[in-house]
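# Architecture at a glance
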Amino acid sequence: MSKTIKTAFDIVETILELENAGVAELADEVDKPTSTVHDYLQGLEEIGCVANENGRYRVGSRFLSIGTRMRSQLEIYKVAKPELQNLAATTGEHASLMIEENNHGVVLYTATGERAVQVDIHDGDVSRLHTTAPGKVILANISSQRTEEIIDHYDLTARTPNTITERSELFDELDEIREQGYAFDREELFEGMHGVGRPIVVGDDVIGAISVYGPVGRMMESKITEKISDMVLETANVIEVSLKY
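Keep in mind that this is a model prediction, so the values were computed, not measured.

### Remarks on the overall build of the protein
In terms of helices and strands, the protein carries ten helices and eight strands. The C-alpha radius of gyration computed for the protein amounts to 20 Å, which stays within 12% of the reference 18 Å derived for 245 residues, consistent with globular compactness. When burial is assessed residue by residue, the protein has 44% of its 245 residues classed as buried. For the protein, the exposed surface amounts to about 13,400 Å²; the carbon and sulfur share of it is 47%. Once the 23 positive and 43 negative side-chain charges of the protein are each reduced to a mean point, those two points are 4 Å apart.

### Thoughts on helix 8 (residues 167-180)
An ideal rise of 1.5 Å per residue puts 20 Å on 14 residues; helix 8 measures up with 20 Å between its terminal C-alpha atoms. Residues of helix 8 that are buried: Leu-170, Phe-171, Glu-173, Leu-174 and Ile-177. Down the axis, helix 8 shows its buried residues gathered within 160° of arc, on one side only. The exposed residues of helix 8 that point more than 90 degrees off its buried face are Ser-168, Asp-172 and Glu-179. Here the buried face of helix 8 lies against helix 6 (133-141), helix 7 (144-153) and strand 6 (183-186). A positive phi of about 85° marks Gly-181, the residue just after helix 8.

### Considerations on the packing of helix 6 against helix 8
Each packed pair of helices is defined by two parameters, the angle between the axes and the distance between the axes. The geometry of helix 6 relative to helix 8 is characterised by a closest axis approach of 9 Å and an angle of 85° between their N-to-C directions. One way to sum up the angle between helix 6 and helix 8 is to call them roughly perpendicular. Across the interface between the two elements, Lys-136, Val-137, Leu-139 and Ala-140 of helix 6 pack against Glu-173, Leu-174, Ile-177 and Arg-178 of helix 8. Taken together, the residues of the contact of helix 6 with helix 8 sort by class into five nonpolar, no polar and three charged.

### Quick notes on a negative patch on the surface
Side chains of Glu-13, Glu-17, Asp-28, Glu-29 and Asp-31 sit close together on the surface and give a patch of like negative charge. Listing elements by their share of the negative patch, those giving two or more residues are helix 1 (3-18) and helix 2 (23-30). By relative accessible area, Asp-31 is classed as exposed at 66%.

### Topic: the side chain of Thr-7
Its place among the elements puts Thr-7 in helix 1. The class for Thr-7 is buried, based on a relative accessible area of 9%. Dropping the residues within four chain positions of it, Thr-7 is found in contact with Lys-32 and Tyr-40.

### So, the sheet that holds strand 5 (residues 126-127)
A sheet is described by the order of its strands in space; here six strands give the open sequence 5-4-3-8-7-6, paired in antiparallel fashion. Each edge of the open sheet carries a strand with a single partner, namely strand 5 and strand 6. Pairing of strand 3 (residues 94-101) with strand 8 (residues 205-215) involves five bridges; the strand directions are antiparallel. For His-94, the partnering residue across the bridge sits in strand 8 and is Tyr-213.

So, how was this worked out
- Residues numbered from 1 in each chain as written.
- Predicted model: local features only at pLDDT ≥ 70, side-chain atom pairs only at ≥ 80, totals over all residues.
- Heavy atoms only, no water.
- Helix = DSSP H or I, 4+ residues; strand = E, 2+ residues; numbered from the N terminus.
- Rg over C-alpha atoms; globule rule 2.2 N^0.38 Å.
- Buried < 20%, exposed > 50% of the residue type's maximum accessible area, 1.4 Å probe, protein only.
- Areas by Shrake-Rupley, 256 points an atom, 1.4 Å probe, with all protein chains shown as cover.
- Lys, Arg positive; Asp, Glu negative; His and termini not counted.
- Charge placed at Lys NZ, Arg CZ, Asp CG, Glu CD.
- Expected span 1.5 Å × (residues − 1).
- Arc of directions from axis to C-beta.
- Contact = heavy atoms within 4.5 Å.
- Axes fitted to C-alpha atoms, helices over the stretch in contact; angles between N-to-C directions.
- Parallel < 35°, antiparallel > 145°, perpendicular 65-115°, else oblique.
- Nonpolar A, V, L, I, M, F, W, Y, C, P; charged D, E, K, R; others polar.
- Patch = residues over 30% accessible without salt bridge, like charges linked within 9 Å, V, L, I, M, F, W, Y side chains within 5 Å.
- Salt bridge = Lys/Arg side-chain N within 4 Å of Asp/Glu carboxyl O.
- Pairing = 2+ DSSP bridges.

Here is the structure:
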C-alpha cells in the first residue's frame with residue numbers, strides 16, 4: 001500500500017476515534033511531524049474528507065455519501081434490509097447483516113428492536129471474523145484454503161476474555177458450525193451479549209450472514225435461543241430465495 005494513502009487513512013481513522021482533534025494531537029497519535037499532518041489535513045479538507053471547525057478537525061460527510069451510495073448498490077443489502085427490520089421487530093433485539101471484505105467482517109446494516117440494549121456497533125464497523133457469530137458462520141462456509149488465508153492474515157486477537165484465540169479450538173468450532181448450520185457468539189465480541197448467526201448462501205457461495213444479538217440474560221435460556229435461531233434461519237432462507245429469483 002502506498003505510504004501516502006495509508007497515512008491519510010490513519011489520520012482519518014484517528015479523527016474518527018477521537019471524534020475531533022487538533023493538528024498537534026493528531027501528530028502525536030499518528031507519530032508524524034505536525035507540519036506533515038497539517039499538509040495532509042489541508043488536502044483532505046479540500047476534497048471534503050475532513051472538516052475544520054475552529055482549528056479542530058472532524059471526519060467529513062463525504063464518507064457518509066460514499067458509503068451510503070456504495071451500500072445501496074449491493075443487492076444483498078436491498079433484499080436483506082426489510083427482512084432484518086422485521087426480524088428485529090419480532091425478536092426485539094439487534095438484527096444485522098455482515099459480509100466478508102478484505103479478510104474482515106463488515107456490518108452492512110443493523111436493525112434495532114424495541115428491547116435491544118445499547119451496544120457500540122454501527123453500520124460500516126469492521127471486525128475480525130472469528131470474534132462474531134456471523135463472522136464464524138462465514139468462515140465455516142468458505143473453502144478451508146480461504147479460511148486459512150484469512151486466519152493467517154491476522155492473529156486471533158481477543159476482543160473479550162471469551163474470544164477464541166487458539167487456532168485448533170477455532171477450527172473445531174467451525175466443524176461444529178458446518179454440521180449444525182449456525183454459529184453462536186458467547187460474549188466473544190461484547191461482554192454481556194450473546195448472538196446467533198446464519199449464512200446467506202446463493203448457489204455454492206456464502207455471500208454474507210445475518211445475526212441476532214441480545215443480552216445474556218435473555219439469550220441464555222435454551223428455548224429462547226432455539227426460537228431466535230429458527231427465526232434467523234427462516235429470515236436467511238427468505239433472503240436467499242429472493243436473491244436467487
